[in-house]
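Tertiary structure, described
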Amino acid sequence: MTNNSRLKPGPIGVFDSGYGGLTILSEIKKLLPEYDYIYLGDNARAPYGSRSFELIYEFTLQAVKWLFSQGCQLVIIACNTASAKALRTIQQNDLPQIDPLKRVLGVIRPTAECVINISQTKHIAVLGTIGTILSESYEKEIERLEKNIKITTEACPMWVPLVENREYDKPGADYFVKQHIDSVLAKDKEIDTIILGCTHYPLLLDKIRNYTPEAVSLISQGEYVAKSLKDYLSRHQLMDSLCSKNNETLYCTTESAEIFESLASFLLDESITANKVNLKIKE
Ligand code: DGL
């Protein structure tokens, strides 16, 4: 890669296993509308939640490399599972070899930073995929910031498939939502804040709210990830200058473009077109 292309401004890459990252992208675009974005959903291989560390790392690295090949200098992994399982290895082992100027950021740290100021009781619940919960990433990030917080976790393995299969607003979803809300709240009666630690979960928010007492705050991450990105770009002027600003967004998926367009347009409340892409790039 020449120095010229290394320093050419490109879109901000936003990656998720499927549709969930759209909940992050839409909040980022509200706060930073002037930037260009490439959204990549690996819908053909979603959900990632119950997959092994090795596969999640391999898929996430492929996605990051593909986004770099499209000119991105900065990639947001808008997926908790991929952030929990792959982000650190990519940042520490892969990026220095790929290109030390490029950056990859996740969603867990910005969420942890915001939540410690929201809970009054200092009893917090984290809902996530099996991969995110087993990684204990939220416990590690929150405890690094504040020692006196009690964290209770709950894996909700059926919730992502409900979204990916368009069942999230159907009556059948109620059973799985209630099951996990009841279960997590029974583990600790003092919980006053629940982190929706999976970017797909905000799409179930209406149902989650129905089964959660009003006094308990529900935290969707998009707003906090967006604020954290804005702050990051204001503190990193070189990276900011490497992010192009024409107010354009490209949507890409590893599934059929038509399938992605249909649900993504509905979720974003705007008609979008998508490209089907193959993440296996020649090195
Ligand atoms: N949106 C991803 C997350 O935040 C879902 C993971 C999955 O594909 O299971 O964890």
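See the structure shown above.
Read on for a plain summary of the structure. (Residues numbered from 1 in each chain as written. Predicted model: local features only at pLDDT ≥ 70, side-chain atom pairs only at ≥ 80, totals over all residues. Heavy atoms only, no water.)

With the rule as written, the count across this model stands at 13 salt bridges. Notably, a salt bridge pairs Glu223 with Lys227, separated by 3.2 Å at the nearest N-O pair. With Glu223 and Lys227 both in helix α11 (residues 222-235), this residue pair falls 4 residues apart, about one helical turn. On the accessibility criterion, Glu223 (37% relative accessible area) is partly exposed. The exposure class of Lys227 is partly exposed, given its relative accessible area of 46%. Three or more residues are tied together by salt bridges with common partners; here these are Arg88, Arg109, Glu141 and Arg144. (Salt bridge = Lys/Arg side-chain N within 4 Å of Asp/Glu carboxyl O. Helix = DSSP H or I, 4+ residues; strand = E, 2+ residues; numbered from the N terminus. Buried < 20%, exposed > 50% of the residue type's maximum accessible area, 1.4 Å probe, protein only.)

Interaxial distance between helix α5 (residues 108-115) and helix α7 (residues 137-145) falls to 9 Å at its minimum, and their mutual angle equals 50°. As summarised for this structure, α5 and α7 are arranged oblique, according to the angle between their axes. Two packed elements cross with a definite hand, and for α5 against α7 that hand is right-handed. On the side of α5, the interface is formed by Ile108, Arg109, Thr111, Ala112, Glu113 and Val115, while α7 contributes Ser137, Tyr138, Glu141, Ile142, Arg144 and Leu145. Considered class by class, the residues forming the contact of α5 with α7 number 6 nonpolar, 2 polar and 4 charged. (Axes fitted to C-alpha atoms, helices over the stretch in contact; angles between N-to-C directions. Parallel < 35°, antiparallel > 145°, perpendicular 65-115°, else oblique. Left-handed = near helix turned anticlockwise from the far one by under 90°. Contact = heavy atoms within 4.5 Å. Nonpolar A, V, L, I, M, F, W, Y, C, P; charged D, E, K, R; others polar.)

Before going further, it helps to spend a moment on the nonpolar core. With 55 residues, the main nonpolar core has Leu74, Trp159, Ile194 and Leu233 as its most contacted residues. Look past the residues within four positions of Leu233 in its chain and what remains in contact with it is Ile12, Leu32, Tyr35, Leu74, Met239, Asp240 and Cys243. With 25 residues, the next largest nonpolar core counts Phe15, Ile56, Cys72 and Leu95 among its residues. (Core = buried A, V, L, I, M, F, W, Y, C linked by side-chain atoms within 4.5 Å.)

With that settled, consider the site of the ligand. Residues in contact with the ligand amount to 13 residues; listed here are only the nearest, Ser17, Tyr48, Thr81, Thr199 and His200. Between the ligand and Tyr48 there is a distance of 2.7 Å, counted from an oxygen atom to a backbone nitrogen or oxygen. Take Thr81: an N or O atom from its side chain is 2.6 Å from an oxygen atom of the ligand. In isolation the ligand has 300 Å² of accessible area, and contact with the protein removes 99% of it. Within the shell around the ligand, the residues separate by chemical class into 5 nonpolar, 7 polar and 1 charged. (Near = heavy atom within 4 Å. Polar contact = N/O pair within 3.5 Å; in protein donor to acceptor, adjacent residues only side chain to side chain. Areas by Shrake-Rupley, 256 points an atom, 1.4 Å probe, with all protein chains shown as cover.)

The strand order across the open sheet formed by 4 strands is β6-β5-β7-β8, and the pairing between neighbours is parallel. Every interior strand has two partners, whereas the edge strands, β6 (150-155) and β8 (217-219), have only one. Here the average twist between neighbouring strands, direction ignored, is 20°. Here strand β5 (residues 123-128) runs beside β6; their pairing, made up of 6 bridges, is parallel. (Pairing = 2+ DSSP bridges.)

Let us look at the packing of helix α3 (residues 53-69) against helix α4 (residues 80-98). Where α3 contacts α4, the two axes come as close as 9 Å, and the packing angle between them is 55°. Here α4 runs oblique to α3, going by the angle between their axes. Handedness of the crossing formed by α3 with α4: right-handed. Counted together, Phe53, Ile56, Tyr57, Thr60, Leu61, Val64, Lys65 and Phe68 of α3 and Thr81, Ala82, Lys85, Ala86, Thr89, Ile90, Asp94, Leu95 and Ile98 of α4 form the full contact between these two elements. Of the residues contributing to the contact of α3 with α4, the split by class is 11 nonpolar, 3 polar and 3 charged.

What follows covers the packing of aromatic side chains. Throughout the structure, instances matching the rule amount to 8 aromatic pairs. Taken together, a centroid distance of 5.1 Å and an interplanar angle of 85° make the contact between Tyr175 and Phe176 edge-to-face. For Tyr175, a relative accessible area of 55% puts it in the exposed group. Cluster of aromatic residues (ring-pair linked, three or more members): Tyr19, Tyr39, Tyr251 and Phe260. In this structure, Arg45 is placed above the aromatic ring of Phe59, and the distance from its NZ or CZ to the ring centre is 3.7 Å. Stacked on the ring of Phe68, the Lys or Arg Lys102 has its end atom at 5.2 Å from the ring centre. (Phe/Tyr/Trp six-rings, centres within 6.5 Å; stacked < 30°, edge-to-face > 60°. Lys NZ or Arg CZ within 6 Å of the ring centre and 35° of its normal.)

Take Cys198: it is sitting in the loop between β7 (193-196) and α10 (205-210). Taking relative accessible area as the criterion, Cys198 reaches 5% and is therefore assigned buried. For the pair Cys198 and Ile116, spaced 82 residues apart in sequence, the C-alpha to C-alpha distance is 18 Å. Not counting residues up to four positions away in its chain, the partners in contact with Cys198 are Asn80, Leu127, Gly128, Thr129, Val160 and Gln221.

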